[in-house]
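Understanding the architecture of this molecule
Letter by letter, the chains look like this.
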Amino acid sequence: MSSTENIAIKFEKVNFSDEGLHILKNITGSFPEGKITTLVGPSGAGKSTLFKLCNGLKSPDSGDIYVLNQHIKNYNPIELRRTVGIALQSATMIKGNVYDNLNLPLDLQNQELSEDRGKELLKLVGLPEDYLYRNTKDLSGGQRQKLSIARTLVNQPEILLLDEITSSLDRVSQEDIEKLIKRINETYRTTIIWITHNLKQALDVGQYTWVMMEGQVIETGPSDILNHPQNEDVQRFVKGEAE
Amino acid sequence: MNYLTLSLTLIFVVIPLILSKTLKLGMEKDTIIAAVRSIIQLLAVGYVLQFVFESESMIYILLMIILMITAATHNAQRKGASIKGIIWKLVATFVFIEALTQGILLGLNITPATAQYIIPISGMVIGNSMVLSILFLNRFTGELNNQEEQTELILSLGGTPKQAVYRQLITSIKASTIPTIESQKTIGLVQLPGMMSGQIIAGADPVQAVMFQLLILFLLLTTAVVTSILLGYLSYPTLFNDRMQFLDNHLENDN
Ligand SMILES: Nc1ncnc2c1ncn2[C@@H]1O[C@H](COP(=O)(O)OP(=O)(O)OP(=O)(O)O)[C@@H](O)[C@H]1O
Ligand SMILES: [Mg+2]
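In this report, the structure presented in the accompanying data block is examined. (Residues numbered from 1 in each chain as written. Chains lettered and ligands numbered in written order. Predicted model: local features only at pLDDT ≥ 70, side-chain atom pairs only at ≥ 80, totals over all residues. Heavy atoms only, no water.)

The next subject is the overall build of chain A. What chain A contains, in helices and strands, is eight helices and 10 strands. For a compact globule of 243 residues, the expected C-alpha radius of gyration is about 18 Å, and chain A comes in at 18 Å, within 12% of that figure. Projected onto the principal axes, the alpha-carbon positions of chain A cover approximately 50 × 45 × 40 Å. In chain A, buried positions account for 53% of the 243 residues. (Helix = DSSP H or I, 4+ residues; strand = E, 2+ residues; numbered from the N terminus. Rg over C-alpha atoms; globule rule 2.2 N^0.38 Å. Buried < 20%, exposed > 50% of the residue type's maximum accessible area, 1.4 Å probe, protein only.)

This part is about the overall build of chain B. Helix and strand content of chain B: 10 helices and two strands. Beginning at the N terminus, the succession of helices and strands in chain B can be written as α-α-α-α-β-α-α-α-α-α-α-β. Principal-axis analysis of the C-alpha atoms places the extent of chain B at approximately 70 × 55 × 35 Å. Per-residue burial over chain B gives 36% buried out of 255 residues. Partitioning the contacts of chain B with sequence separation of at least 6, the portion at a separation of at least 24 is 72%. As displayed, chain B has an accessible area near 14400 Å², and 69% of this comes from carbon and sulfur atoms. Taken as two groups, the 14 positive and 15 negative side-chain charges of chain B have centres that lie 4 Å from each other. (Contact = heavy atoms within 4.5 Å. Areas by Shrake-Rupley, 256 points an atom, 1.4 Å probe, with all protein chains shown as cover. Lys, Arg positive; Asp, Glu negative; His and termini not counted. Charge placed at Lys NZ, Arg CZ, Asp CG, Glu CD.)

Here the focus is the packing of aromatic side chains. Residue and element names in this part refer to chain B. Here the structure, examined in full by the defined rule, presents eight aromatic pairs over all chains. With a centroid separation of 5.7 Å and 35° between ring planes, the pair formed by Tyr117 and Phe212 is classed as tilted. Taken together, the residues span a long stretch of sequence, with Tyr117 in helix H6 (residues 115-146) and Phe212 in helix H10 (residues 206-235) at a distance of 95 residues. Judged by its relative accessible area of 22%, Phe212 falls in the partly exposed class. (Phe/Tyr/Trp six-rings, centres within 6.5 Å; stacked < 30°, edge-to-face > 60°.)

Residue and element names in this part refer to chain A. Taken together, the six strands give an open sheet; going across it, the order is E6-E7-E8-E3-E9-E10, and neighbouring strands pair in mixed fashion. Of all the strands in the sheet, just strand E6 (84-87) and strand E10 (216-222) have a single pairing partner and so form its edges. Neighbouring strand axes in the sheet, compared pairwise and without regard to direction, differ in orientation by 15° on average. Note: strand E7 (residues 159-163) against strand E8 (residues 191-195), five bridges, orientation parallel. Bridged to Leu160 within E8 is Ile192. Its contacts with the sheet put helix H6 (residues 171-188) on strand E3 (36-40), E7 and E8, and the angle it makes with E8 is roughly 155°. (Pairing = 2+ DSSP bridges. Axes fitted to C-alpha atoms, helices over the stretch in contact; angles between N-to-C directions.)

Quick look at helix H8 (residues 161-185) of chain B now. All names here are of chain B. Its 25 residues give H8 an end-to-end C-alpha distance of 36 Å, which sits within 8% of 36 Å, the value for a rise of 1.5 Å per residue. The principal kink in H8, of about 40°, is found at Arg167. For H8, the complete set of buried residues consists of Pro161, Ala164, Val165, Gln168, Leu169, Ser172, Ile173, Ser176, Thr177, Thr180 and Gln184. Residues of H8 that are buried sit in contact with H6, helix H7 (148-156) and H10. (Expected span 1.5 Å × (residues − 1). Bend = angle between axes of the 7 residues up to and from the residue.)

This part covers the site of ligand 1. All names here are of chain A. With respect to spatial proximity, 14 residues lie near ligand 1, and among them Ser43, Gly44, Lys47, Ser48 and Thr49 are the closest. Between an oxygen atom of ligand 1 and a main-chain N or O atom of Gly46, the distance comes to 2.9 Å. Here an oxygen atom of ligand 1 and a side-chain polar atom of Thr49 are 2.5 Å apart. If ligand 1 stood free it would expose 630 Å²; the protein chains cover 66% of that surface. The element best represented in the shell around ligand 1 is helix H1 (residues 47-54), accounting for three residues. When grouped by side-chain class, the residues that make up the shell around ligand 1 number three nonpolar, seven polar and four charged. (Near = heavy atom within 4 Å. Polar contact = N/O pair within 3.5 Å; in protein donor to acceptor, adjacent residues only side chain to side chain. Nonpolar A, V, L, I, M, F, W, Y, C, P; charged D, E, K, R; others polar.)

Another point: the sheet that holds strand E2 (residues 21-32) of chain A. All names here are of chain A. Strand order in the open sheet formed by four strands is E2-E1-E4-E5, with antiparallel pairing between adjacent strands. Looking along the sheet, the strands with just one partner apiece sit at the ends: E2 and strand E5 (70-71). Strands strand E1 (7-18), E2 and strand E4 (62-67) of the sheet are contacted by H1, whose axis makes an angle of about 115° with E1.

It is worth spelling out the layout of surface pockets at this point. Residue and element names in this part refer to chain B. Quantified by volume, the largest pocket comes out at close to 1300 Å³. Every residue lining the largest pocket is counted, 33 residues in all, and those nearest its centre are Val45, Leu49, Met68, Pro120 and Gly123. Mapped by element, the contributors of at least two residues to the lining of the largest pocket are helix H3 (28-55), helix H4 (58-79), H6, helix H9 (194-201) and H10. For the lining of the largest pocket, the element with the most residues is H6, which contributes 10 residues. The class makeup of the residues in the lining of the largest pocket is 22 nonpolar, eight polar and three charged. Of the domains in this structure, domain 1 (1-55) and domain 2 (57-251) are the two that each give at least three residues to the lining of the largest pocket. (1 Å grid on protein atoms, 1.4 Å probe; cavity = no way out; pocket = protein on both sides within 12 Å on 5 of 7 lines; lining within 4 Å. Points joined across faces, edges and corners; volume = space filled by probe spheres on them. Domains from an automatic or database assignment.)

Below, the structure written as structure tokens:
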């Protein structure tokens, strides 16, 4: 990326291990501010783990991470997690109905989400408004993913991390979410980092991309690099995913 | 009762032994160990108590209580699923509950400040607190393991550590104290409580025995609720570091 662009999140020689397993190896690179970057790579590459480092759910063993030009250690953890919102891969719901889940981020701050705002959020992610008081047990996997995005938006994060949020969605819903992501990015200038297995999605929606494998960043650059990767492993990965 | 009649009660140990042998239940060894241990432990306690009662010294009473708390701590952390650094939290819980209950009993002159009252009541309070601790810890670590994703979700949305484990904490407090409350609802209908039975057999007036039993029951209500809440609030912060990250390796759930 060119030097005139601002950087939302920067990694410098970041290492992370868990239970003796070296999961992230010497990660260096940055995510441009106000852009959509996709993060692709095979299962177990460490993508979800990298996200957890970005919003402080985990801390690196060594190396530095900067969020909006501030060292991550200088943030209060709660402030960091509201600035860098994450829709987790598991799309976990708390017990209760859709409203309880949408209200959760505000409830944690002793505030309350209005019914109108709740319906607005449902509409935004493409869920029917009358789902507001439906029990989350009765939602499909794809509907939970949509709800999970809506819930993450409640904190109005400046940086949005989306982990495999379209994996359980049909083609039409996937396209809806793709449009939604573009719209959020254009409307609020929100920096979006998106983990996806779908390389077509990465090319269509993402402006930049990171390719990770076995805990390392292999290639970064404009999404176009996915069309002609330099690295042999990436070439094989791209071919495999495209099939 | 004398030692001759006591030795006749061994018949009640021999019956299960014979049954176990003939039906090949394989419980002979454990039965014998259990019988021998109860004989040695209870007789030892009896002689120690006799000595403490006769000496009428507060120091010995205090030593007995310290001994009880040590044993209860050892047992609770060995038997229960655990959380890193739980030992001192158990000690603090037992010391607090003992001080609270004796403080009220002695402070309001409900019971006299003699070894005869302090020691058995302390034994019951600490013993029950120990059982409650084990119940609570098993449930709490189980909840935390099952709901780890929920903990992570709440943290990721900017919740505090307390908010992140609040549901699990409340569920575990409730689940561990409900048996105490429920069992008191039917007490006396199904079986007479052990302490009351013992007193009546030893010749006490049944109404007096009932009044003491009620005192104990009410004490145990406080013990149950205070133990779970205190242990819960003391132990959950250990599960997080100062960056408000959940440390799942601090859960030592080996059962
Ligand atoms: N809590 C954990 N404890 C130990 N190891 C873990 C833990 N979570 C993940 N790992 C390991 O870390 C590595 C990276 O996992 P991660 O979930 O980040 O991969 P990923 O790229 O997101 O994969 P996927 O595409 O399947 O979601 C894997 O080898 C995984 O086994
Ligand atoms: Mg993942």
